[in-house]
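# Understanding the architecture of this molecule
Below are the chains, spelled out letter by letter.
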Amino acid sequence: MKPLSRIWLAVAMLGLAAARAGANSYVVTPASAWCGVVNSAGPGDTILFAAGSYPGTCAVTVSGAAGAPVTLRSQSSAPADRAVLAYAGSANNIIDVYGSFLVFRWLTFGPTAAGAGVNPIKLRSSMQGVVIDQNVFQGTDIAVAANSSGSTYQDISVTNNLLTNLQSTGLYFGCHDGVSCHALNILIRGNLIDTVQPGDGVGYGLEIKLNSWATIIENTIYNAQGPGIDVYGSNRGDPASLVERNYVEGSKTDAGINVSGGPAVVRNNILVGNQYNGIWAQDYGGRGLQQNVWIVNNTVLGNQTGGIQVSNWQAGAGNVLAFNAVAPLAGTPAFTPAAPVADAVLGNVSCSPAAACFDQPNTSPWDLWPAAGGPLIGAAGNGLEPWRAANDFLCVARGSAADAGAMQRTSPGAGPQLGGGNARPPCGAPAVRGDFDGNTRVDILWRNGSTGENTIWLMNATNVRSLVALPTIPDPAWQVGGVGDVSGDGMSDIVWRNDATGQNTIWVMNAGTLSAQLPLPAVADSNWKIRAVGDFNGDGKLDLLWRNVSTGQNTVWFLNGSSVIGVAPVPAVSDVNWEIGAAADFDGNGRPDILWRNATTGQNTIWLMNGTSVSSLAPLPPVSDANWRIGGAGDYTSDGLTDILWRNGATGQNTVWKMSGTAVSGAIGIPSVGDLNWKIAGPR
């Protein structure tokens, strides 16, 4: 198994903490020559900006390294104590970025001079691994622009930022002609964009230009002049852009979401009160790129000219329109055309009046939970189509009786409030445990015990979509203990343990890229192994499941991020031939169960758990061939149910047991890996 040739690893780690060795922190003030300090930094260094107003600009030419970025951040995350980069001129951008592996965090930008075209952050040259997180952009031109001719931007993350009263489009990635530059594997997540003016002629919330692609999830966008979100697709075979779990309201002259070309997945979004349609699949410029556009499980309410419009859709083009819930204004169509041509058109619901479908669709803030007993409940059913939504707008598993629209009703009573100028409600848990790139599909983590290489298979159900190489750790004493969102940022992290030194640590991952390391308390006794992660105490935080391979004891560390806040025993299993394969929810009660395998006898069983107590046992079919080992567990078939991942250590075969609760309902092969040094490390 080889990593993708386009992935460049700048660090070959000699040990888990080696990339951080020698990292320094430097404090700068408004009176400092701060740009020079930034450009003198080395991999792993942090530049701390003291509170105050910084009137200057900077061309950032320094680069960090994979796993050891150079970080520029305010000393404090408190809004009142942040550094404010408030350049008043028109000759430069505030920060021109030329380097890779950089983090910008907790900074406030603007306002800038009206009409001056000053970008707070302009990505100037080919680069990768830049993270722009938890910043404020107020009254500026394009907040983050990545459209310099001749550049390729790769693995850029723009997350959890606040953008208000912008003079132009909020986020701009790629070049309009689709040739001059490209933005690849961009993550735009959790941002709040409120009010965009037409300074650049249109004023989008965000746009991904032709032959660029992105994952755009869990953003909130109000009052864009043009579309809230626009993706232009690709004519050269790029992966699909994913537009999921976004809330878009009040676009002034256009649709909430424009799909100007495919491939694109538009799923689990909520579109309210936009001037044109809620969603428009537009044949932009007559390019003929309305291909492989999947518009699935969206909620569309009260848009001025209609619900969902598709243009120039042709039979056999791979397009899908399914399980959308549309409440049009009186006299406007739910769908245009009324009978679209697509490879799949099914289960869409027109809601008239809107109250027939939703709890409270009449005034903001809205409650758009499916009305109990209404036409959305269970209307999507279940299936194995690759375009199906495994989770809803709030990352809730849809299960085998999925509702139409963006939200799955999960209990009696009121649903979450939406709109009113507020950010969309956060997901209560990671969308999918084991999902490294935010596409709501479970991925597979591999480790090579001979070379120390580590690689992620990014999956689409049981199909390998692409590979991402992680930093190499040659020391075989470092072993993966579990995979899950320990840091609470909505994407899966990796928990490591060193069997020789007793060290434990978390790799905080951002879209498949190592962004930070968080130490955990050491455990010197090498008989204790981290075997899985799961939320055992129901507080929304993932915990660590330990097993002592000498005594058979088992215990859980309750975590709050990387802090241990409690310890609880789990019943011991003295026969050490029993190995923990994974912790995952098999019975649908929202709590992790424990999957066991005895490689000596071939027995397999599930402990159905209530917290750290065993409520019952569910035996599974035995597998007598001891070469078959459990690699992990996750929803690989996108039906909302946990499946079991297996690897044969003698043949290199890999397979998924498709589960229906605790019953095996089938087996699905996935690509073999003949090099037996490669072991599946998670999710588990």
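Read on for a plain summary of the structure. All of these numbers come straight from a predicted model, not from anything done at the bench.

## Examining the overall build of the chain
- Along its length, the chain carries 1 helix and 61 strands.
- A compact globule built from 684 residues would reach a C-alpha radius of gyration of about 26 Å, and the chain, at 25 Å, matches this within 12%.
- Projected onto the principal axes, the alpha-carbon positions of the chain cover approximately 70 × 65 × 45 Å.
- A buried classification covers 61% of the 684 residues belonging to the chain.
- Of the charged side chains in the chain, 35 are positive and 46 negative; the average position of the first set lies 4 Å away from that of the second.

## Considering the sheet that holds strand 52 (residues 563-570)
- Pairing is antiparallel across the open sheet formed by 4 strands, whose spatial order is 49-50-51-52. Of all strands in the sheet, those bounded by a partner on one side alone are strand 49 (528-534) and strand 52. Strand-to-strand twist in this sheet, taken as the mean axis angle between neighbours without regard to direction, amounts to 25 degrees.
- Across 7 bridges, the pairing between strand 51 (residues 554-560) and strand 52 is antiparallel. The residue bridging V556 from the neighbouring strand is A568, located in strand 52.

## Some words on the nonpolar core
- Ranked by internal contacts, the top residues of the largest apolar core, which has 72 residues, are F49, L171, F173 and I295.
- Contacts of L171, omitting those with residues within four sequence positions, involve A143, V144, V158, L163, I188, I193, G205, L206 and E207.
- Within the second largest apolar cluster, 23 residues are counted, among which are A325, C357, F393 and A404.

## With respect to the environment of G316
- With respect to the helices and strands, the residue G316 is situated in the loop between strand 34 (306-310) and strand 35 (320-322).
- Given a relative accessible area of 66%, G316 falls into the exposed group.
- Taking the C-alpha atoms as reference, G316 lies 48 Å from T61; in sequence the two are 255 residues apart.

## A closer look at unusual backbone geometry
- With omega at 5 degrees, the peptide bond leading from S352 into P353 counts as cis.
- Summarising the element assignment, P353 is placed in the loop between strand 39 (349-350) and strand 40 (358-360).
- A cis amide bond links S364 to the next residue, P365, at an omega of 0 degrees.
- You can see P365 is positioned in the loop between strand 40 and strand 41 (367-370).
- With a phi angle near 60 degrees, E218 is a residue other than glycine that sits in the positive phi range.
- The phi torsion at R245 lies on the positive side, around 60 degrees, for a residue other than glycine.

## With respect to the state of the cysteines
- Considering all chains together, one arrives at 3 disulfides under this definition.
- Disulfide pairing is shown between C175 and C181; the S-S distance is 2.0 Å. Linking C175 and C181, the disulfide has an S-S dihedral of approximately 110 degrees and is accordingly described as right-handed. We note that C175, like C181, is buried.
- Here C351 is linked by a disulfide to C357, with a sulfur-sulfur distance of 2.1 Å. Taking the torsion about the S-S bond as the criterion, the C351 to C357 disulfide, at about -90 degrees, is left-handed. Taken individually, C351 and C357 each receive the classification buried, so the pair is uniform in this respect.

## Quick notes on the pattern of salt bridges
- Summed over all chains, the structure comprises 12 salt bridges.
- For R245, the salt bridge is made with E244, and the minimal N-O distance between the two is 3.9 Å. Each member of the pair, R245 as well as E244, carries the same accessibility label: buried.
- One continuous salt-bridge network, built from bridges that share partners, spans R189, E218, E244, R245 and R267.

## Quick notes on the side chain of R398
- Mapped onto the fold, R398 is located in the loop between strand 41 and strand 42 (444-448).
- No salt bridge is formed by the buried R398; the nearest opposite charge belongs to D392, separated by 5.4 Å.
- Polar side-chain contacts of R398 include one of 3.1 Å to the backbone oxygen of A406.
- If we ignore the near neighbours within four places in the chain, the residues touching R398 are N268, N297, A389, A390, N391, D392, D403, G405, A406, M407 and Q408.

## Here's the deal with the pairing of strand 21 (residues 192-196)
- Burial of strand 21 is extensive: 4 of the 5 residues sit out of reach of the surface.
- Examined bridge by bridge, strand 17 (residues 162-166) and strand 21 share 4 bridges and lie parallel to one another. Bridge pairing in strand 21 places L166 opposite V196.
- One ladder, built from 3 bridges, connects strand 21 with strand 24 (residues 220-222); its direction is parallel.

## Notes on the sheet that holds strand 19 (residues 182-184)
- One open sheet accounts for 3 strands, arranged 11-15-19; its pairing is parallel. Of all strands in the sheet, those bounded by a partner on one side alone are strand 11 (127-128) and strand 19.
- Bridging between strand 15 (residues 152-154) and strand 19 involves 3 bridges; their strand directions are parallel. Along strand 19, the bridge assignment pairs Y153 with A183.

## Brief notes about the environment of D575
- Assignment of secondary structure puts D575 in the loop between strand 52 and strand 53 (578-584).
- A sequence separation of 26 residues divides D575 from V549, and the C-alpha atoms of the two residues are 9.1 Å apart.
- Leave out the neighbours within four places in its chain, and D575 touches R547 and N598.

## Comments concerning the pairing of strand 5 (residues 70-74)
- Of all 5 residues in strand 5, 4 are buried, a share of seventy percent or more.
- Examined bridge by bridge, strand 2 (residues 46-49) and strand 5 share 4 bridges and lie parallel to one another. Residue pairing in the sheet places I47 in a bridge with L72 of strand 5.

## So, the packing of aromatic side chains
- In this structure the tally under the stated criterion is 13 aromatic pairs.
- Ring geometry for F109 against F137: centres 5.0 Å apart, planes inclined by 5 degrees, an arrangement best described as stacked. Taken together, the residues F109 in strand 9 (residues 108-109) and F137 in strand 13 (residues 136-138) connect sequence positions 28 residues apart.
- Overall, F109 belongs to the buried group, its relative accessible area being 0%.
- A ring pair is formed by W546 and W557, whose centres lie 4.8 Å apart and whose planes are at 50 degrees; its orientation type is tilted. Here W557 lies in strand 51 and W546 lies in strand 50 (residues 543-548), a separation of 11 residues in the sequence.

Rules and cut-offs
Residues numbered from 1 in each chain as written. Predicted model: local features only at pLDDT ≥ 70, side-chain atom pairs only at ≥ 80, totals over all residues. Heavy atoms only, no water. Helix = DSSP H or I, 4+ residues; strand = E, 2+ residues; numbered from the N terminus. Rg over C-alpha atoms; globule rule 2.2 N^0.38 Å. Buried < 20%, exposed > 50% of the residue type's maximum accessible area, 1.4 Å probe, protein only. Lys, Arg positive; Asp, Glu negative; His and termini not counted. Charge placed at Lys NZ, Arg CZ, Asp CG, Glu CD. Pairing = 2+ DSSP bridges. Axes fitted to C-alpha atoms, helices over the stretch in contact; angles between N-to-C directions. Core = buried A, V, L, I, M, F, W, Y, C linked by side-chain atoms within 4.5 Å. Contact = heavy atoms within 4.5 Å. Disulfide = S-S within 2.5 Å. Salt bridge = Lys/Arg side-chain N within 4 Å of Asp/Glu carboxyl O. Polar contact = N/O pair within 3.5 Å; in protein donor to acceptor, adjacent residues only side chain to side chain. Phe/Tyr/Trp six-rings, centres within 6.5 Å; stacked < 30°, edge-to-face > 60°.

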